[in-house]
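Below, each chain spelled out in residue letters.
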Amino acid sequence: MGKALIIGAGGVGNVVAHKCVQNSEVFKEICIASRTIEKCNAIKEKIDGGPVKVHTAQVDADDTSQVIALIEKFKPDIVINVALPYQDLSIMDACLATKVHYLDTANYEPPDVPKFEYKWQWAYKEDFEKAGITAVLGSGFDPGVTGVFCAYAQKHHFDEIHYIDILDCNAGDHGYPFATNFNPEINIREITANGRYYEDGKWVETKPLEYKRVYNFPEIGPRDMYLLYHEELESLSKNIKGVKRIRFWMTFSEKYLTHLRVLQNVGMTSIEPIEFEGKMIQPLQFLKAVLPDPASLGPRTKGKTNIGCIIQGIKDGKPRTYYVYNVCDHEECYKEVGSQAVSYTTGVPAMIGASLVLKGLWKKPGVYNVEEFDPDPFMEALNKFGLPWKESFDPELVD
Ligand SMILES: NC(=O)c1ccc[n+]([C@@H]2O[C@H](COP(=O)([O-])OP(=O)(O)OC[C@H]3O[C@@H](n4cnc5c(N)ncnc54)[C@H](OP(=O)(O)O)[C@@H]3O)[C@@H](O)[C@H]2O)c1
């Protein structure tokens, strides 16, 4: 049916490539392209030889002209951007220039300002409409599946949605005293920022990790979770009509937070460049270089993730509560694709979103967040491609 150009060959790129070759009904050819071609070739080696033709290429996606040249050579129907958020706009520019569909899993963030928001990418809406191409934003797990869960709840279970709590629990243990499960730079920037949630049409700012709750996660047990700002809050507050409050919670162990506090206190999480032995370096980038590569955590990580949405509202005039979530096992993921669950839960939805665009089910010219599409084929594909979901109408609530 179609050809996909996957940009980024990290933990998530590895999963996307594995999942595309599992879905040969939709993907006929893929090209894995990244800054370091050896990483692309290593993935190709693991998945080659089946019905889906696999190519690799070197590209610096910060340079739009290089992405355009690669698109013109490979002629994909869609570009799946699983590089870093810093490359979103240069890749979107290349898609516009070549009239190719676009999908990503994280919204744009300028490299020198720790601030992510959709305004830069939403600004492309008219240009994508005019070019007749679709951009699907945030098709990972969170953002991604969490938005689809909300759209599914809206479509099937509620007349009005009032409260949404998104709960992200990673109970995996990799055995290192401290490591981040995906790109350390993005991860640390997310946690050290102020928290924020949406209530009654306004944003309420909190200090970093100011709000803590203990939640008893199905199949995992009680875990400490903290209120964070997360990018899907911005689009869901617009797209889920009538919502009164949306909050996002993520679990962190005391050990993880203690390490982070120390690193912060000594200045290692700063993005302000400093001079070191005659060279300018960013402390956070240096920290990334000394921490374990997230891709290396796969074989060591045991335990499960549980990510889902607790939604409260009204159906047929009566109050209703609905919890929809996925539980994913790190070791099972590693056995299947050679990556742990954080990469797996991001890569599977990226492949699914791209497959729905190629099938024409999620094709509409413009720039959209996942909750703006029909959730049903996506929910069905989650069950088929390794992220089955469960639901409950009587969950424990977050106070
Ligand atoms: N929505 C979600 O649920 C979710 C969850 C986790 C992660 N994510 C997102 O998924 C994306 C990938 O995460 P990851 O864990 O796979 O990260 P990763 O392991 O750091 O991999 C990133 C890949 O992008 C490549 N890259 C970086 N800059 C590039 C450039 N200028 N040109 C070409 N390639 C470039 C890297 O190449 P090198 O190897 O040469 O550095 C690497 O192969 C990130 O944007 C992250 O924010 C989303």
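First, a word on scope: everything that follows refers to the structure included in this document. It should be emphasised that the depicted structure is a prediction, and the values quoted were computed from it without experimental measurement.

Let's talk about the packing of helix α8 (residues 184-192) against helix α11 (residues 283-290)
Next, step 1: At a minimum axis separation of 9 Å, α8 and α11 run at an interaxial angle of 125°. As far as their axial angle goes, α11 and α8 are oblique. Viewed along their axes, α8 and α11 form a crossing whose handedness is right-handed. Taking contact as the criterion, the partners of Pro184, Glu185, Ile188 and Arg189 in α8 are, on α11, Leu284, Gln285, Leu287 and Lys288.
Next, step 2: Here the contact of α8 with α11 is built from residues that sort into four nonpolar, one polar and three charged.

Some thoughts on the environment of Asn41
Next, step 1: Position of Asn41 relative to the elements: it lies in helix α2 (residues 37-47).
Next, step 2: Asn41 sits in the partly exposed class, given a relative accessible area of 32%.
Next, step 3: In sequence terms Asn41 and Pro388 are 347 residues apart; their C-alpha atoms lie 30 Å from each other.
Next, step 4: There is a polar contact of 2.7 Å between the side chain of Asn41 and the side chain of Thr56.

Quick notes on the packing of aromatic side chains
Next, step 1: According to the stated counting rule, one finds 18 aromatic pairs in the structure shown.
Next, step 2: Between Tyr322 and Phe393, the ring centres sit 5.1 Å apart and the planes meet at 40°, which makes this aromatic pair tilted. Of this pair, Tyr322 sits in strand β16 (residues 318-329) while Phe393 sits in the segment after β18 (389-392), and the two are 71 residues apart along the sequence.
Next, step 3: Judged by its relative accessible area of 0%, Tyr322 is buried.
Next, step 4: An aromatic cluster is present here, built from Phe178, Tyr226, Phe252 and Tyr256 joined pairwise through their rings.
Next, step 5: Note that Lys119 overlies the ring of Trp120, its terminal NZ or CZ placed 4.9 Å from the centroid.
Next, step 6: The ring centre of Phe373 lies 5.0 Å from the NZ or CZ of Lys364, which sits over that ring.

Let's talk about the site of the ligand
Next, step 1: By nearness alone, 27 residues border the ligand, and Arg35, Thr36, Lys39, Ala61 and Thr105 come closest of all.
Next, step 2: Thr36 is positioned such that a nitrogen or oxygen atom in its side chain is 2.4 Å from an oxygen atom of the ligand.
Next, step 3: Phe141 has a polar backbone atom sitting 3.0 Å from an oxygen atom of the ligand.
Next, step 4: Contact with the protein chains covers 92% of the free accessible surface of the ligand, which is 930 Å².
Next, step 5: Looking at the shell around the ligand residue by residue, the classes come out as 12 nonpolar, 10 polar and five charged.

Describing helix α14 (residues 375-384)
Next, step 1: Those residues of α14 that fall on the buried side of the exposure criterion are Pro375, Pro377, Phe378, Met379, Ala381 and Leu382.
Next, step 2: Downstream of α14 by one or two residues, Gly386 has phi in the positive range, about 110°.

Here we look at the environment of His157
Next, step 1: You can see His157 is positioned in the loop between α7 (145-156) and β7 (160-170).
Next, step 2: Separated by 84 residues in the primary sequence, His157 and Lys241 have C-alpha atoms spaced 14 Å apart.

Concerning the pairing of strand β2 (residues 27-34)
Next, step 1: In terms of residue burial, β2 counts as a mostly covered element, since six of its eight residues are buried.
Next, step 2: For the handedness criterion, the β-α-β arrangement of strand β1 (residues 2-7), helix α1 (residues 11-22) and β2 is classed as right-handed.
Next, step 3: Across six bridges, the pairing between β2 and strand β3 (residues 53-58) is parallel. Bridge pairing in β3 links Ile32 to Thr56.
Next, step 4: Of the crossover connections in this fold, the one passing from β2 over α2 to the parallel β3 is right-handed.

About the thresholds
Residues numbered from 1 in each chain as written. Predicted model: local features only at pLDDT ≥ 70, side-chain atom pairs only at ≥ 80, totals over all residues. Heavy atoms only, no water. Axes fitted to C-alpha atoms, helices over the stretch in contact; angles between N-to-C directions. Helix = DSSP H or I, 4+ residues; strand = E, 2+ residues; numbered from the N terminus. Parallel < 35°, antiparallel > 145°, perpendicular 65-115°, else oblique. Left-handed = near helix turned anticlockwise from the far one by under 90°. Contact = heavy atoms within 4.5 Å. Nonpolar A, V, L, I, M, F, W, Y, C, P; charged D, E, K, R; others polar. Buried < 20%, exposed > 50% of the residue type's maximum accessible area, 1.4 Å probe, protein only. Polar contact = N/O pair within 3.5 Å; in protein donor to acceptor, adjacent residues only side chain to side chain. Phe/Tyr/Trp six-rings, centres within 6.5 Å; stacked < 30°, edge-to-face > 60°. Lys NZ or Arg CZ within 6 Å of the ring centre and 35° of its normal. Near = heavy atom within 4 Å. Areas by Shrake-Rupley, 256 points an atom, 1.4 Å probe, with all protein chains shown as cover. Right-handed = clockwise from strand over helix to strand, strands pointing away. Pairing = 2+ DSSP bridges.

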